[in-house]
Amino acid sequence: MRRIMVAAFAVIAGLLVCLGLLLPSPWLGRVADLLLEGALILAAFALLLGLLNVLRSHAQKAVKGPRRGQSIVLIVALLLTLAIGLLFPQSAAQAWVFDYVYSPIQASLGALLAFVALQAAFRAFRLRTVDAAILLVSSLIMLFLQIPATAALWPRLGAVRDWMLAVPVAAGIRGLLLGIALGTMATALRVLFAVDRPYTGEE
Amino acid sequence: MTPLVPLLSGNTEPIALIVILILGALVALFTLRARGGGRMALRPLRVYQRLSELCSQATESAATVFATLGSSAPEGSGMASAQAALMLLRFVGRNIAHTGRPVRATTCDAALLPAAQGTLTQAERSDGLRHPRTGSQISFAGPEPLGMAVEAECAMADDAPLANLMVGDVGAEALLLTEMHPGVIHYAGSDDPADGALLQIAGDETVIGEDVLSGGAYLDRPMHMGSLVAQDTLRVVLMVAILVGVVAASIGLWG
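Keep in mind that this is a model prediction, so the values were computed, not measured.

What chain A contains, in helices and strands, is seven helices and zero strands. For chain A, the sequential pattern of α-helices and β-strands runs α-α-α-α-α-α-α. Relative to a compact globule of 203 residues, whose C-alpha radius of gyration would be 17 Å, chain A shows 26 Å and is clearly more extended. Its C-alpha atoms give chain A principal-axis dimensions of roughly 70 × 50 × 40 Å. For chain A, with 203 residues in total, the buried portion stands at 25%. The contacts of chain A with a sequence gap of at least 6 include a subset with a gap of at least 24, amounting to 24%. As displayed, chain A offers around 13500 Å² of accessible surface, 75% of which is attributable to carbon and sulfur atoms.

The number of helices and strands found in chain B is 10 helices and six strands. When its C-alpha atoms are laid out on the principal axes, chain B stretches across 65 × 40 × 40 Å. Within chain B, counting contacts between residues at least 6 apart in sequence, those at least 24 apart form 70% of the total. Roughly 10900 Å² of accessible area belongs to chain B as shown, and the carbon and sulfur atoms make up 60% of that amount.

This paragraph deals with helix α8 (residues 193–202) of chain B. Where α8(B) is concerned, the buried positions are B:D195, B:G196, B:L199, B:I201 and B:A202. On its buried face, α8(B) is in contact with α4 (92–126) and α5 (130–146) of chain A together with β4 (163–167), α7 (174–180), β5 (185–190) and β6 (205–208) of chain B. Measuring from the backbone nitrogen of B:A194 back to the side-chain oxygen at the start of α8(B) gives 3.0 Å, which picks out B:D192 as the cap.

Time to look at the confidence of the model for chain B. Summing up the model confidence of chain B, the mean pLDDT is 84 and the portion of residues at 70 or higher is 92%. Interface confidence for the predicted complex, expressed as ipTM, amounts to 0.85; the pTM equals 0.86.

Turning to the domain arrangement of chain A, a few remarks are in order. Buried accessible area, meaning the area lost when the parts come together, often serves as the stated size of an interface. Residues and elements named next belong to chain A. Here the domain parsing of chain A yields domain 1 (1–87) and domain 2 (89–124). Taking only C-alpha atoms, the centre of domain 1 and the centre of domain 2 are 25 Å apart. In this complex, domain 1 contributes five residues to the contact, which on the side of domain 2 involves four residues. Here domain 1 packs against domain 2, burying approximately 360 Å² in sum over the two surfaces, 72% of which is carbon and sulfur. Scanning the region where domain 1 abuts domain 2 turns up zero salt bridges.

Below, the discussion takes up the domain arrangement of chain B. Residue and element names in this part refer to chain B. Under the domain assignment used here, chain B contains domain 1 (46–221) and domain 2 (222–255). One C-alpha centre belongs to domain 1, the other to domain 2, and the line joining them spans 33 Å. Taken together, the eight residues of domain 1 in the interface contact seven residues of domain 2. In total, domain 1 and domain 2 occlude about 580 Å² of area from one another, counting both sides; carbon and sulfur atoms represent 58% of this. The largest contributions to the domain 1 side of the interface with domain 2 come from E210, A217 and R221, which together make up 74% of the buried area. Viewed at the interface, domain 2 and domain 1 are joined by one salt bridge.

Quick look at the sheet that holds strand β2 (residues 104–107) of chain B now. Pairing within the open sheet is parallel, and its six strands lie in the order β3-β2-β1-β4-β5-β6 (chain B). Sheet topology places β3 (138–140) and β6 of chain B at the edges, where each strand pairs with a single neighbour. Neighbouring strand axes in the sheet, compared pairwise and without regard to direction, differ in orientation by 10° on average. As paired elements, β5(B) and β6(B) share four bridges and run parallel to each other. From the neighbouring strand, B:S190 faces β6(B), where its bridge partner is B:I208. Of the strands in this sheet, β2 and β3 of chain B are in contact with helix α2 (residues 26–64) of chain A, which crosses β3(B) at around 115°.

A word on the side chain of A:S57. Looking at where A:S57 falls in the secondary structure, it is placed in helix α2. Using a relative accessible area of 13% as the deciding quantity, one classes A:S57 as buried. Those residues in contact with A:S57, other than ones at most four positions away along the chain, are B:S139 and B:E151.

A word on the nonpolar core. Judged by nonpolar contacts, the single largest core of 44 residues is most densely connected at B:L51 and B:L89. Those elements giving two or more residues to this core turn out to be α2 of chain A together with α3 (46–61), β1 (65–68), α4 (79–96), α5 (112–126), β3, β4 and β5 of chain B. The biggest single contributor to this core is α4(B), with 10 residues. Apart from the residues within four sequence positions on either side, B:L89 is in contact with B:A67, B:L69, B:V103, B:A105, B:A116, B:L120 and B:I138.

Each value, and the rule that gives it
Residues numbered from 1 in each chain as written. Chains lettered and ligands numbered in written order. Predicted model: local features only at pLDDT ≥ 70, side-chain atom pairs only at ≥ 80, totals over all residues. Heavy atoms only, no water. Helix = DSSP H or I, 4+ residues; strand = E, 2+ residues; numbered from the N terminus. Rg over C-alpha atoms; globule rule 2.2 N^0.38 Å. Buried < 20%, exposed > 50% of the residue type's maximum accessible area, 1.4 Å probe, protein only. Contact = heavy atoms within 4.5 Å. Areas by Shrake-Rupley, 256 points an atom, 1.4 Å probe, with all protein chains shown as cover. Polar contact = N/O pair within 3.5 Å; in protein donor to acceptor, adjacent residues only side chain to side chain. pLDDT = per-residue confidence, 0-100. Domains from an automatic or database assignment. Buried area = accessible area lost by both parts, 1.4 Å probe. Salt bridge = Lys/Arg side-chain N within 4 Å of Asp/Glu carboxyl O. Pairing = 2+ DSSP bridges. Axes fitted to C-alpha atoms, helices over the stretch in contact; angles between N-to-C directions. Core = buried A, V, L, I, M, F, W, Y, C linked by side-chain atoms within 4.5 Å.

If you want it as structure tokens, here you go:
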């Protein structure tokens with residue numbers, strides 16, 4: 001009975017939000033806004049749950065994990081940042097943490113991605129599959145067309161590059177996006193029709 | 001009662017509504033057919049075949065499986081992607097729970113965390129585990145994909161899993177995992193075209209685009225066949241409409 005009620009509530013709420021977004025009815029719009037605000041508030045509480053999850057998981061690791069030091073650093077940094085945010089909101093201290101600690105670390109790790117991507121591509125090319133060959137040829141063509149020096153060789157190369165981006169590349173991506181949009185709608189409709197009931201956790 | 005047609009003439013999204021209604025009708029029709037046991041063919045997707053084999057392999061070797069669930073929020077625009085991630089988590093969790101080696105997972109969306117915990121607990125219960133774990137094997141790694149990749153990297157270095165499932169908005173950070181743990185079988189799935197291109201070269205088994213969202217039909221939810229056939233039917237209709245539009249515009253009849 002509980003599951004039926006949960007499913008019924010979810011289906012009704014989903015339909016109201018969908019219709020509220022698509023039809024110009026003021027009361028439907030207000031109901032949809034109310035339900036969406038509720039979802040946002042729940043998502044904010046989920047962030048609090050996530051914070052507690054991080055603390056619990058790393059507190060356990062700090063006691064008996066193989067990376068105790070890392071977990072201790074994480075907990076201390078988390079609590080320190082939280083304290084600065086709570087005690088001095090919108091302050092220079094808070095901005096300092098983000099500008100001089102968080103952003104540089106993130107940028108450094110992000111910079112590694114370029115090398116990692118190159119390594120992954122090299123590994124893929126060595127496998128000599130059809131996918132890798134297509135990737136290699138298309139990457140080389142685009143690289144060649146993007147280099148400013150190539151424009152000096154033949155001035156119309158810029159137009160070729162623009163055509164390639166606007167026609168074959170855009171067509172391929174739009175085809176992919178069309179399929180994804182249909183898949184997303186079908187997934188949403190399965191939830192709306194209660195074919196899938198992720199909220200009850202049942203199969 | 002307000003008739004539908006005047007409603008559509010105001011501040012509405014009539015085309016969106018019509019497409020949703022058509023797809024809704026098709027999903028309902030084909031889902032009922034699927035429920036009635038109607039035969040529908042599926043083109044084979046290697047990644048889902050390999051996923052079933054992975055569960056057998058994990059059972060035989062009693063190895064653990066790791067899941068990197070990405071940043072798709074179940075309540076936001078990434079809902080479909082999050083559903084796909086939960087679907088795979090449920091499938092693997094249900095099929096290897098009895099081995100005693102839990103599926104471990106990490107996510108960088110806080111709302112996906114309780115959803116994944118509930119899904120995994122339910123999956124373990126359905127595998128006959130009398131005392132399913134409470135979901136503590138799923139961790140939140142902060143709201144950034146980079147943090148998630150670092151958390152996953154540490155967990156994989158400690159546990160040496162058999163496979164890593166990366167589904168949802170995992171971002172380019174997934175490359176860190178594939179390159180730092182080449183001995184692990186990396187299953188990658190993304191419905192983001194940019195991520196898909198990277199995962200295609202980095203993952204051992206990759207599924208991109210809408211195929212990510214059709215996992216249920218291939219794995220353990222035959223009811224999903226209905227929505228899959230509905231999608232394909234509407235796609236054909238849209239393709240014909242696009243072709244007709246292009247021809248009409250080219251000969252000056254429209255636009």
